[in-house]
Amino acid sequence: MGLLWDELTRAVPMIVHGNPTLLSVIWFTIQVAVIATTGAVVIGLPIALAIGLGRFRGRRTLQILANASLGLPPVVAGFLMFLLFVPQGPLGAFHLNVTRRGVFIVQTVLALPYVVALSAAAIQGLPPGLLGQARLLGARRRQLSALALREARIGVMAAIIAALGTSLSEVGAIVIVGGNVYGYDQTLASATLYEANAAHYADAVAIGIVLIGLILLLMCGLGLLQHQGDGIRWRFRSAS
(Lines give C-alpha, C1' and ligand atoms only; values in the text may rest on other atoms or scores of the structure.)
Protein backbone atom coordinates (compact mmCIF):
# COMPACT_ATOMS: atom_id res chain seq x y z
CA MET A 1 0.00 0.00 0.00
CA GLY A 2 2.89 2.30 0.79
CA LEU A 3 4.32 1.83 -2.71
CA LEU A 4 1.01 2.79 -4.29
CA TRP A 5 0.77 5.91 -2.16
CA ASP A 6 4.35 6.92 -2.95
CA GLU A 7 3.75 6.55 -6.69
CA LEU A 8 0.48 8.49 -6.45
CA THR A 9 2.21 11.39 -4.72
CA ARG A 10 4.74 11.49 -7.55
CA ALA A 11 2.15 10.99 -10.30
CA VAL A 12 -0.32 13.71 -9.35
CA PRO A 13 2.17 16.61 -9.74
CA MET A 14 3.00 15.33 -13.23
CA ILE A 15 -0.65 15.75 -14.16
CA VAL A 16 -1.17 19.04 -12.35
CA HIS A 17 1.96 20.71 -13.73
CA GLY A 18 1.50 19.36 -17.26
CA ASN A 19 4.44 17.04 -17.86
CA PRO A 20 5.47 17.64 -21.53
CA THR A 21 5.74 13.94 -22.38
CA LEU A 22 2.36 13.25 -20.80
CA LEU A 23 0.77 16.12 -22.72
CA SER A 24 2.26 14.80 -25.95
CA VAL A 25 0.82 11.33 -25.32
CA ILE A 26 -2.58 12.81 -24.43
CA TRP A 27 -2.64 14.85 -27.63
CA PHE A 28 -1.74 11.86 -29.82
CA THR A 29 -4.34 9.72 -28.04
CA ILE A 30 -7.01 12.31 -28.79
CA GLN A 31 -5.90 12.43 -32.43
CA VAL A 32 -6.12 8.64 -32.71
CA ALA A 33 -9.53 8.51 -31.04
CA VAL A 34 -11.01 11.29 -33.18
CA ILE A 35 -9.55 10.10 -36.50
CA ALA A 36 -10.34 6.43 -35.91
CA THR A 37 -13.88 7.12 -34.71
CA THR A 38 -14.56 9.54 -37.57
CA GLY A 39 -13.28 7.01 -40.09
CA ALA A 40 -15.37 4.26 -38.52
CA VAL A 41 -18.49 6.45 -38.65
CA VAL A 42 -17.95 7.50 -42.27
CA ILE A 43 -17.41 3.89 -43.36
CA GLY A 44 -19.68 2.15 -40.89
CA LEU A 45 -22.92 4.13 -40.91
CA PRO A 46 -23.71 3.42 -44.60
CA ILE A 47 -23.07 -0.29 -43.93
CA ALA A 48 -25.28 -0.16 -40.83
CA LEU A 49 -28.05 1.52 -42.82
CA ALA A 50 -27.75 -1.13 -45.52
CA ILE A 51 -28.08 -3.88 -42.91
CA GLY A 52 -30.88 -2.15 -41.04
CA LEU A 53 -32.94 -1.00 -44.02
CA GLY A 54 -31.80 -3.13 -46.93
CA ARG A 55 -33.57 -6.06 -48.52
CA PHE A 56 -30.76 -7.78 -50.38
CA ARG A 57 -29.34 -11.28 -50.49
CA GLY A 58 -26.56 -11.74 -47.99
CA ARG A 59 -27.82 -9.10 -45.56
CA ARG A 60 -28.14 -11.63 -42.76
CA THR A 61 -24.65 -12.95 -43.40
CA LEU A 62 -23.27 -9.41 -43.35
CA GLN A 63 -24.97 -8.77 -40.02
CA ILE A 64 -23.59 -11.99 -38.53
CA LEU A 65 -20.08 -11.01 -39.64
CA ALA A 66 -20.52 -7.54 -38.13
CA ASN A 67 -21.68 -9.00 -34.81
CA ALA A 68 -18.94 -11.64 -34.79
CA SER A 69 -16.26 -9.01 -35.44
CA LEU A 70 -17.10 -7.43 -32.08
CA GLY A 71 -15.40 -10.42 -30.48
CA LEU A 72 -12.25 -10.27 -32.61
CA PRO A 73 -9.26 -9.99 -30.23
CA PRO A 74 -7.50 -6.66 -30.92
CA VAL A 75 -4.10 -8.34 -30.80
CA VAL A 76 -5.18 -10.70 -33.61
CA ALA A 77 -6.47 -7.77 -35.66
CA GLY A 78 -3.19 -5.97 -35.06
CA PHE A 79 -1.17 -8.98 -36.17
CA LEU A 80 -3.23 -9.36 -39.34
CA MET A 81 -2.73 -5.68 -40.13
CA PHE A 82 0.98 -6.11 -39.41
CA LEU A 83 1.15 -8.88 -42.01
CA LEU A 84 -0.57 -6.60 -44.52
CA PHE A 85 1.83 -3.74 -43.77
CA VAL A 86 5.18 -5.58 -43.81
CA PRO A 87 7.33 -4.93 -46.92
CA GLN A 88 6.41 -8.36 -48.34
CA GLY A 89 2.69 -7.83 -47.65
CA PRO A 90 -0.04 -6.51 -49.98
CA LEU A 91 0.23 -3.00 -48.52
CA GLY A 92 3.97 -3.03 -47.94
CA ALA A 93 4.58 -0.34 -50.57
CA PHE A 94 2.81 2.20 -48.34
CA HIS A 95 5.33 1.75 -45.47
CA LEU A 96 2.69 1.78 -42.72
CA ASN A 97 4.39 -0.35 -40.06
CA VAL A 98 5.79 1.60 -37.09
CA THR A 99 4.09 4.79 -38.26
CA ARG A 100 1.31 6.97 -36.94
CA ARG A 101 -0.67 6.36 -40.11
CA GLY A 102 -0.59 2.65 -39.36
CA VAL A 103 -1.94 3.31 -35.85
CA PHE A 104 -4.77 5.42 -37.27
CA ILE A 105 -5.71 2.67 -39.72
CA VAL A 106 -5.65 -0.22 -37.27
CA GLN A 107 -7.66 1.73 -34.70
CA THR A 108 -10.24 2.58 -37.37
CA VAL A 109 -10.52 -1.12 -38.20
CA LEU A 110 -11.06 -1.94 -34.51
CA ALA A 111 -13.68 0.80 -34.05
CA LEU A 112 -15.60 -0.08 -37.20
CA PRO A 113 -17.46 -3.18 -35.88
CA TYR A 114 -18.96 -1.17 -33.02
CA VAL A 115 -20.42 1.42 -35.36
CA VAL A 116 -21.74 -1.17 -37.82
CA ALA A 117 -23.14 -3.78 -35.44
CA LEU A 118 -24.61 -1.49 -32.77
CA SER A 119 -26.02 1.07 -35.21
CA ALA A 120 -27.62 -1.66 -37.33
CA ALA A 121 -29.18 -3.17 -34.21
CA ALA A 122 -30.55 0.24 -33.18
CA ILE A 123 -32.09 0.76 -36.62
CA GLN A 124 -33.61 -2.72 -36.67
CA GLY A 125 -35.07 -2.05 -33.24
CA LEU A 126 -37.26 0.79 -34.52
CA PRO A 127 -41.05 0.24 -34.56
CA PRO A 128 -41.75 -1.79 -37.71
CA GLY A 129 -44.59 0.46 -38.81
CA LEU A 130 -42.51 3.65 -38.71
CA LEU A 131 -40.30 2.99 -41.71
CA GLY A 132 -43.09 1.17 -43.53
CA GLN A 133 -45.31 4.22 -43.26
CA ALA A 134 -42.50 6.42 -44.55
CA ARG A 135 -42.11 4.12 -47.57
CA LEU A 136 -45.85 4.27 -48.25
CA LEU A 137 -45.69 8.07 -48.16
CA GLY A 138 -43.07 7.99 -50.89
CA ALA A 139 -39.91 8.59 -48.86
CA ARG A 140 -36.77 8.21 -50.94
CA ARG A 141 -33.72 6.27 -49.83
CA ARG A 142 -31.93 9.33 -48.45
CA GLN A 143 -35.04 10.49 -46.61
CA LEU A 144 -35.59 7.01 -45.18
CA SER A 145 -31.97 6.84 -44.01
CA ALA A 146 -32.23 10.27 -42.39
CA LEU A 147 -35.42 9.22 -40.60
CA ALA A 148 -33.86 5.97 -39.38
CA LEU A 149 -30.77 7.76 -38.05
CA ARG A 150 -32.88 10.39 -36.32
CA GLU A 151 -35.20 7.89 -34.63
CA ALA A 152 -32.36 5.52 -33.68
CA ARG A 153 -30.07 8.37 -32.61
CA ILE A 154 -29.59 7.14 -29.04
CA GLY A 155 -28.41 3.72 -30.18
CA VAL A 156 -26.24 5.25 -32.90
CA MET A 157 -24.64 7.66 -30.44
CA ALA A 158 -24.00 4.76 -28.06
CA ALA A 159 -22.28 2.94 -30.93
CA ILE A 160 -20.09 5.98 -31.61
CA ILE A 161 -19.18 6.27 -27.94
CA ALA A 162 -18.28 2.55 -27.86
CA ALA A 163 -16.06 3.07 -30.91
CA LEU A 164 -14.44 6.07 -29.25
CA GLY A 165 -13.89 4.06 -26.09
CA THR A 166 -12.08 1.25 -27.87
CA SER A 167 -9.96 3.82 -29.72
CA LEU A 168 -8.88 5.24 -26.38
CA SER A 169 -8.22 2.03 -24.47
CA GLU A 170 -6.86 -0.50 -27.00
CA VAL A 171 -3.22 -1.57 -26.54
CA GLY A 172 -2.29 -4.77 -28.37
CA ALA A 173 -2.85 -3.66 -31.96
CA ILE A 174 -1.02 -0.37 -31.40
CA VAL A 175 2.01 -2.15 -29.93
CA ILE A 176 2.17 -4.60 -32.85
CA VAL A 177 1.56 -2.15 -35.71
CA GLY A 178 3.00 1.04 -34.23
CA GLY A 179 5.83 -0.47 -32.27
CA ASN A 180 4.97 1.59 -29.15
CA VAL A 181 7.89 3.90 -29.89
CA TYR A 182 8.54 6.24 -26.97
CA GLY A 183 7.52 9.82 -27.70
CA TYR A 184 6.32 9.02 -31.22
CA ASP A 185 3.25 6.81 -31.59
CA GLN A 186 2.27 6.00 -28.02
CA THR A 187 -1.30 6.39 -26.82
CA LEU A 188 -2.24 6.61 -23.15
CA ALA A 189 -2.97 2.88 -23.03
CA SER A 190 0.23 1.77 -24.78
CA ALA A 191 2.33 4.31 -22.85
CA THR A 192 1.00 2.85 -19.58
CA LEU A 193 2.22 -0.59 -20.68
CA TYR A 194 5.59 0.85 -21.74
CA GLU A 195 6.21 2.68 -18.46
CA ALA A 196 5.06 -0.27 -16.36
CA ASN A 197 7.43 -2.62 -18.18
CA ALA A 198 10.24 -0.10 -17.63
CA ALA A 199 9.39 0.05 -13.89
CA HIS A 200 8.59 3.78 -14.18
CA TYR A 201 5.60 3.33 -11.93
CA ALA A 202 4.87 6.99 -11.24
CA ASP A 203 4.69 7.71 -14.96
CA ALA A 204 2.45 4.69 -15.50
CA VAL A 205 0.14 5.77 -12.68
CA ALA A 206 -0.10 9.34 -14.02
CA ILE A 207 -0.91 8.12 -17.52
CA GLY A 208 -3.40 5.60 -16.15
CA ILE A 209 -5.20 8.28 -14.14
CA VAL A 210 -5.64 10.45 -17.24
CA LEU A 211 -6.85 7.48 -19.29
CA ILE A 212 -9.40 6.51 -16.65
CA GLY A 213 -10.57 10.12 -16.52
CA LEU A 214 -11.19 10.19 -20.27
CA ILE A 215 -13.06 6.89 -20.16
CA LEU A 216 -15.20 8.12 -17.25
CA LEU A 217 -16.13 11.17 -19.32
CA LEU A 218 -17.28 8.82 -22.07
CA MET A 219 -19.36 6.78 -19.65
CA CYS A 220 -20.96 9.95 -18.29
CA GLY A 221 -21.82 10.95 -21.85
CA LEU A 222 -23.42 7.56 -22.44
CA GLY A 223 -25.42 7.93 -19.22
CA LEU A 224 -26.72 11.32 -20.35
CA LEU A 225 -27.75 9.83 -23.67
CA GLN A 226 -29.63 7.03 -21.94
CA HIS A 227 -31.44 9.19 -19.39
CA GLN A 228 -31.96 12.41 -21.33
CA GLY A 229 -32.36 11.07 -24.84
CA ASP A 230 -35.55 13.02 -25.40
CA GLY A 231 -33.59 16.23 -25.10
CA ILE A 232 -31.17 15.32 -27.86
CA ARG A 233 -32.23 15.99 -31.42
CA TRP A 234 -30.54 15.35 -34.73
CA ARG A 235 -31.91 17.49 -37.52
CA PHE A 236 -31.74 16.52 -41.18
CA ARG A 237 -32.80 18.41 -44.24
CA SER A 238 -35.26 16.46 -46.23
CA ALA A 239 -33.83 15.20 -49.50
CA SER A 240 -35.38 16.91 -52.47
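Draft legend 1. Molecular detail of the overall build of the protein. Along the backbone of the protein there are eleven helices and zero strands. In the protein, the succession of helices and strands from N to C terminus is α-α-α-α-α-α-α-α-α-α-α. The dimensions of the protein, computed from C-alpha atoms along their principal axes, are 65 × 50 × 30 Å. Out of the 240 residues belonging to the protein, those deemed buried represent 40%. Nonlocal contacts in the protein, meaning residues at least 24 apart in sequence, comprise 74% of its contacts between residues at least 6 apart. As displayed, the protein has an accessible area near 13200 Å², and 67% of this comes from carbon and sulfur atoms. Distance from the positive charge centre (16 side chains) to the negative charge centre (8 side chains) of the protein: 29 Å.

Draft legend 2. Region of the structure containing the environment of I123. Relative to the helices and strands, I123 is located in helix α5 (residues 100-124). The class of I123 is buried, set by a relative accessible area of 2%. Considering only alpha carbons, one finds I123 and S145, 22 residues apart in sequence, at a separation of 9.6 Å. Not counting chain neighbours up to four residues away, the residues in contact with I123 comprise A48, L49, G52, L53, A148 and A152.

Draft legend 3. Quick peek at the packing of helix α4 (residues 74-85) against α5. Packing of α4 against α5 leaves a shortest axis separation of 10 Å and a crossing angle of 135 degrees. Relative to α5, the element α4 is oriented oblique. Classified by chirality, the crossing of α5 by α4 is right-handed. Where α4 abuts α5, its residues P74, A77, G78, M81 and F85 lie against G102, I105, V106, V109 and L110.

Draft legend 4. Highlighting the pattern of salt bridges. Summed over the entire model, instances satisfying the criterion amount to one salt bridge. For R150, the salt bridge identified is with E151, shortest N-O distance 3.3 Å. Judged by its relative accessible area of 36%, E151 falls in the partly exposed class.

Draft legend 5. Structural context of the packing of helix α3 (residues 59-69) against α5. Between α3 and α5, whose axes approach to 8 Å, the crossing angle comes to 125 degrees. For the element pair α3 / α5, the angle class is oblique. As α3 packs across α5, the resulting crossing turns out to be left-handed. Taking contact as the criterion, the partners of R59, Q63, A66, N67 and S69 in α3 are, on α5, P113, V116, A117 and Q124. The residue inventory of the contact of α3 with α5, partitioned by class, reads four nonpolar, four polar and one charged.

Draft legend 6. View of a nonpolar patch on the surface. Side chains of L72, V75, V76, F79, L80 and L83 sit close together on the surface and give an oily, nonpolar patch of about 490 Å² of accessible area. With respect to the element layout, F79 can be found in helix α4. Its relative accessible area of 44% is what places F79 among the partly exposed residues.

Draft legend 7. Examining the confidence of the model for the protein more closely. Looking at the protein, the pLDDT average stands at 85 and 92% of residues meet or exceed 70. Looking across the protein, the model is least confident in helix α6 (residues 128-136), with a mean pLDDT of 75, and most confident in α5, with 94. For the stretch residues 230-240, pLDDT sits under 50, and the model shows 15 contacts to residues farther than four places along the chain or on other chains.

Draft legend 8. Expanded view of the nonpolar core. Core analysis: the biggest nonpolar cluster contains 20 residues, and L131 and A148 have the highest contact counts within it. Elements that contribute at least two residues to this core include exactly α2 (20-53), α5, α6, α7 (141-151) and α8 (153-169). Counting residues per element, this core draws most heavily on α2, at five residues. Setting aside chain neighbours within four positions, we find A148 in contact with L49, L53, I123, L126 and L131.

Reading guide: rules and limits
The written sequence of each chain sets the order in which its residues are numbered from 1. Per-residue local features of the predicted model are confined to residues with pLDDT of at least 70, and side-chain atom pairs are confined, for both listing and counting, to 80 or more; whole-chain, interface and lining totals are unaffected and use all residues. Based on all heavy atoms of the structure, the side-chain values leave hydrogens and waters out of the count. For the purposes of this entry, the term helix denotes a DSSP run of H or I that reaches at least four residues, the term strand denotes a run of E that reaches at least two, and both are numbered from the N terminus. Whether a residue is buried, partly exposed or exposed follows from its accessible area with a 1.4 Å probe, protein chains only, as a fraction of its type maximum: under 20%, in between, or over 50%, in that order. Throughout, a residue-residue contact means that at least one pair of heavy atoms, one from each residue, lies within 4.5 Å. Calculation of accessible area relied on Shrake-Rupley with a 1.4 Å probe; when residues are assessed, cover is drawn exclusively from the protein chains displayed. The charge count treats Lys and Arg as positive and Asp and Glu as negative. His and the chain ends do not count. Throughout, a charge is located at the NZ atom of Lys, the CZ atom of Arg, the CG atom of Asp or the CD atom of Glu. Working convention: axes come from line fits to C-alpha atoms, limited for helices to the stretch in contact. Angles between N-to-C directions cover 0 to 180 degrees. Should an angle lie under 35 degrees it is considered roughly parallel, over 145 roughly antiparallel, and from 65 to 115 roughly perpendicular; all remaining angles are considered oblique. In this scheme, a crossing is called left-handed if the near helix is turned counterclockwise away from the far one by less than a right angle; it is called right-handed if the turn is clockwise. The term salt bridge refers to a pairing of a side-chain nitrogen on Lys or Arg with a carboxyl oxygen on Asp or Glu at a separation within 4 Å. Three classes are used, and their members are as follows: Ala, Val, Leu, Ile, Met, Phe, Trp, Tyr, Cys and Pro are nonpolar, Asp, Glu, Lys and Arg are charged, and the others, Gly among them, are polar. Within this analysis, patches are made of residues with over 30% relative accessible area and no salt bridge. Like charges are joined at 9 Å or less; nonpolar side chains (Val, Leu, Ile, Met, Phe, Trp, Tyr) at 5 Å or less. Confidence of the predictor at the level of single residues is given by pLDDT, which spans 0 to 100. Among buried residues, the Ala, Val, Leu, Ile, Met, Phe, Trp, Tyr and Cys ones that are joined through side-chain atoms within 4.5 Å form a nonpolar core.

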